[in-house]
Amino acid sequence: MNTLPPVVHVAVQRPFYSTLDYSYDPTQGSIPLGSRLEIKLAGRTTVGVVMGSSPTPTLADPKKLKAITRLMDNEPILDAHLVELLDWAAKYYHEPIGEVVFTALPSLLRQQRPLNLPIWWQLTATESPTELQRAKRQLALYEWLKAQGGYVSEDAVAAWAGNGWRVTMRHLEAKGLVASTTLPPAPLEHIATAPHLTLTPQQLATIEGIQHAITQAELKPTLLHGITGSGKTEVYLRVMAPILAQGKQVLVLVPEISLTPQLLGRFRTHYPHERMVCLHSGLTDQERLQAWLQAQQQQVRIIIGTRSAVFTPCPNLGLIIIDEEHDLSFKQQEGFRYHGRDLAIKRAHMLNIPIILGSATPALETLHNADSGRFHYFHLAQRPGTAKPPSVQLQNIRGQTLRSGLSSTTLSMIKDTLARQEQVMLFINRRGFAPLLMCSSCGWSGQCEHCSANMTYHARQGKLICHHCSVEKLVPEHCPQCGHHHLVTQGQGTERLELVLSQTFPTIPIIRIDRDSTARKGALAERLQQVHEHPTAILVGTQMLAKGHDFPNLTLVVVLEADAALLSSEYHARERFGQLLVQVAGRAGRSDKAGQVIIQTNHPENPALVTLLAQGYTLFARQLLEERRRWHYPPFGYQALLRANAPELNDALDVLDKMAEHLQLFGLGGVILLGPTTAMLEKRAGRYRTQLLLQSANRKALHTLLNYLTHTIKQLKFPANTRWSIDVDPLDLT
DNA sequence: AGCACGCCGACT
DNA sequence: GTCGGCGTGCTC
């Protein structure tokens, strides 16, 4: 007779694409989905998470079956919905299930420490039945519980009732008078008492429209396309109100840490009595765990966080908001390469709750979804108050002599702006002093030993730094190749601009904001403070400056080195440049003063650029979409990028050659293979990088192929020391 | 990913 | 004769 025990399907922190089966003793009770287990794996004790169960083992050889060691916590750590989402994500991104589940957990929960959530007792009936009259002890405990307001912690019960309390509680539980629970949800506070901004008719109409859209039976994601300064945050805040009033949770995803405190401030002001948490990379492990638990226990209803916050357990989730949905930081670029926005959309769909994507510059994919009617679309095209959109002009620098990257027209406009006692911002997406140091005599240049790239000259530190692998070395005093003393720099960086401007405008404060000048904790806040203290000033910065910050006295923005992005062969480059340009331009003239934007370029006739300036972002984006349609690029086709790297180029190529051959043997089913080729940055940190692009009009065909690959890859023999990865929906093809 | 097992070079 | 190199293969 077959007496095989029931099993749970367990995700473990190992590179396995499937769960492992472990048996358990059903007489000890069932094991809920999402529970954390202690298990033995290959002779070692480790942590697993229950992803499913079945009455009999599903593994081929039942002799291998082991029993779980124990349940680690008194509560499952993930609810059924998150288990389903993570399961889906593992399949969609072709990532080992354990990798997915464990990146979704706070790091303290990946370890073998039990969580031991406090148990609370909840009164479930308020009328004490007469039968309790006879059971004095039960009655006393029951009345005491009632006096405490209906929720009491296990510890409090033990302290009050003394020995034997557990038996008494079990009696009360059996009579249906109490139930054990985790922490009670935070009480409903009173909502939105802060003084409200007056809304524009357009904002009001948008809020009303969104509120109507998100209460429809058939929910679609909503794109809120609002130009910079149009008050998207205010719309989020108002749309949230009815959701919060129902006691539901709102999950807000934001691009990166630098903007989180700012947004949190707005939320605090608007909802001063609502408890909220922030989940970002700046938290300690303990803080992160606490925030995670508070969301899980419904102690907070507003959860603001970066990419990984999409996995925060919210048992009563009512709305998801993705701010700056186009932002690249939502896509994880290593390991489990998920897209926070796309997973949020999936999560909202699974829960049948509304989701709002906000951006001044929606991603092409998102815009296409709105154009095709798959998403609702709302447009906030005006800035409230007197703020007007800035005037943007292209400045042809072809054949002009530049002074440290600045044309004479630019310089005179800077002078004029400063004379009006206003601020100027110079935007250049390159930190350091100069991107290249070379010998004027023999042509030697400072190459990184580990990467196929130049090292950037950082004057202040007196170093050459590789921006790809962070290797540093002291600037040589003379040419390492010919001994010549005349080493010259080429090109512009933020540091050099800062220096040149301080020489040209010795009385004007120059405030540089880039990764180097803001590395120290609190340095960014200091710099921003300086900007607000000096109404006449020059700001020099990288894309850090492009997002979110409000500089009311800033009226001139100069964009330098625009051409690299325009000429790039990477088809995402122009989309990103357009987004960046619109975001940068949005910094100019945010109050009542008119803003101007100058773009220095050698290619003022560039069609994408011309469309962007003459007809705006939406038409620019639609034009790029048409191009993508012609090439069957996303969103008109589906892509996955296989990457490999190795200390030897041939080994890295060999990996992808073997994969390509393997896939061809299986049958491509209409999927096109492009490559293998070397990556644009051929060598990085001592490893050669190669890639193979898979493209198909049919998502299913692509996924079938990837699924075959991951499940048969062990048959392939790769050279030693090679690594490979799969990137589904890649956003970075370099 | 770990880790054990296993088959070839320089050492007590 | 052994210690240890990292190639190969397995983990419910």
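None of the values given here were measured: they were computed from a predicted structure. (Residues numbered from 1 in each chain as written. Chains lettered and ligands numbered in written order. Predicted model: local features only at pLDDT ≥ 70, side-chain atom pairs only at ≥ 80, totals over all residues. Heavy atoms only, no water.)

> Even after reading the chapter, I still don't get the protein's contact with DNA strand B, so can you show me in this structure?
Around DNA strand B, the neighbouring residues are Arg14, Pro15 and Arg44. Considering DNA strand B, the proportion of its atoms within 4 Å of the protein that are sugar or phosphate atoms stands at 42%. (Near = heavy atom within 4 Å.)

> How do you make sense of the layout of surface pockets when you look at a structure like this?
Think of a ball as big as a water molecule: rolled over the atoms, this probe shows where empty space is left. The volume enclosed by the second largest pocket comes to roughly 1,000 Å³. Contributing to the lining of the second largest pocket are 40 residues, with Ile345, Asn369, Arg374, Phe375 and Arg699 lying nearest its centre. Listed by contribution, the elements that provide at least two residues to the lining of the second largest pocket are helix 1 (80-93), helix 11 (340-351), strand 15 (355-359), helix 12 (364-371) and strand 28 (638-646). Among the elements that make up the lining of the second largest pocket, the one with the highest residue count is helix 11 (seven residues). (1 Å grid on protein atoms, 1.4 Å probe; cavity = no way out; pocket = protein on both sides within 12 Å on 5 of 7 lines; lining within 4 Å. Points joined across faces, edges and corners; volume = space filled by probe spheres on them. Helix = DSSP H or I, 4+ residues; strand = E, 2+ residues; numbered from the N terminus.)

> What's the story with the domain arrangement of chain A in this structure? I'm lost.
Often the size quoted for an interface is simply the accessible area lost on bringing the parts together. Split into domains, chain A comes out as domain 1 (7-109), domain 2 (120-181), domain 3 (201-380), domain 4 (391-433 + 492-627) and domain 5 (638-728). Taking the mean C-alpha position of each, domain 1 and domain 4 sit 51 Å from one another. (Domains from an automatic or database assignment.)

> Looking at this structure, how should I read the protein's contact with DNA strand C?
In the region of DNA strand C, the neighbouring residues are Phe16, Leu20, Asp21, Tyr22, Lys40, Leu41, Ala42, Leu59, Lys64, Leu65, Lys66 and Lys714. For DNA strand C, a base oxygen lies 2.6 Å from a polar atom in the backbone of Asp21. Residue Lys40 places a main-chain N or O atom 3.4 Å away from a phosphate oxygen belonging to DNA strand C. At the level of elements, strand 2 (20-23) and strand 3 (36-41) are the ones that each hand at least two residues to the surface near DNA strand C. Looking at which element gives the most residues to the surface near DNA strand C, the answer is strand 2, with three residues. Of the residues that constitute the surface near DNA strand C, the class distribution is seven nonpolar, no polar and five charged. (Polar contact = N/O pair within 3.5 Å; in protein donor to acceptor, adjacent residues only side chain to side chain. Nonpolar A, V, L, I, M, F, W, Y, C, P; charged D, E, K, R; others polar.)

> Would you take a moment to explain the sheet that holds strand 7 (residues 120-123) for this structure?
Strand pairing in a sheet relies on backbone hydrogen bonds, with the paired strands running either antiparallel or parallel. Across the sheet, three strands lie side by side as 8-7-9; this open sheet has antiparallel pairing. Both edges of this open sheet fall to strand 8 (151-153) and strand 9 (178-181), since each of them pairs with a single strand only. The sheet shows a mean angle of 25° between the axes of neighbouring strands, taken without regard to direction. Summarising the sheet, strand 7 and strand 9 pair through four bridges and their orientation is antiparallel. Residue pairing across strands places Trp121 opposite Ser180, the latter belonging to strand 9. Relative to the sheet, helix 5 (residues 154-161) contacts strand 7 and strand 8, its axis offset from that of strand 8 by approximately 80°. The sheet strands contacting helix 6 (residues 165-174) are strand 7 and strand 9, and the helix crosses strand 9 at an angle near 115°. (Pairing = 2+ DSSP bridges. Axes fitted to C-alpha atoms, helices over the stretch in contact; angles between N-to-C directions. Contact = heavy atoms within 4.5 Å.)

> What should I look at first to understand the packing of aromatic side chains in this one?
Two measures describe an aromatic ring pair: the distance that separates the ring centres and the angle between the ring planes. This structure, assessed with the given rule, holds 12 aromatic pairs. Ring geometry for Tyr93 against Phe336: centres 5.8 Å apart, planes inclined by 75°, an arrangement best described as edge-to-face. Taken as a pair, Tyr93 in helix 1 and Phe336 in the loop between strand 14 (317-323) and helix 11 lie far apart in primary sequence, 243 residues in all. Like Tyr93, the residue Phe336 is buried in the burial classification. The structure contains a cluster of three or more aromatic residues connected by ring pairs, namely Trp88, Tyr92, Tyr93, Phe311, Phe336 and Tyr338. (Phe/Tyr/Trp six-rings, centres within 6.5 Å; stacked < 30°, edge-to-face > 60°. Buried < 20%, exposed > 50% of the residue type's maximum accessible area, 1.4 Å probe, protein only.)

> Which parts of the structure should I look at to understand the environment of Phe267?
Within the secondary structure layout, Phe267 lies in helix 9 (residues 260-270). On the basis of relative accessibility, which here comes to 0%, the residue Phe267 falls in the buried class. Those residues within four positions of Phe267 in sequence are excluded, and the remaining contacts are Thr233, Leu237, Met240, Val252, Met276, Ile302 and Ile304.

> Just to check I follow, could you spell out empty space enclosed by the protein for this structure?
For the structure shown, the criterion picks out two cavities of 30 Å³ or more. What the largest cavity holds in volume is close to 100 Å³. For the lining of the largest cavity, the element with the highest residue contribution is helix 17 (residues 573-585), accounting for three residues. Considered class by class, the residues forming the lining of the largest cavity number three nonpolar, four polar and five charged. Each of two domains, domain 3 (201-380) and domain 4 (391-433 + 492-627), supplies a minimum of three residues to the lining of the largest cavity.

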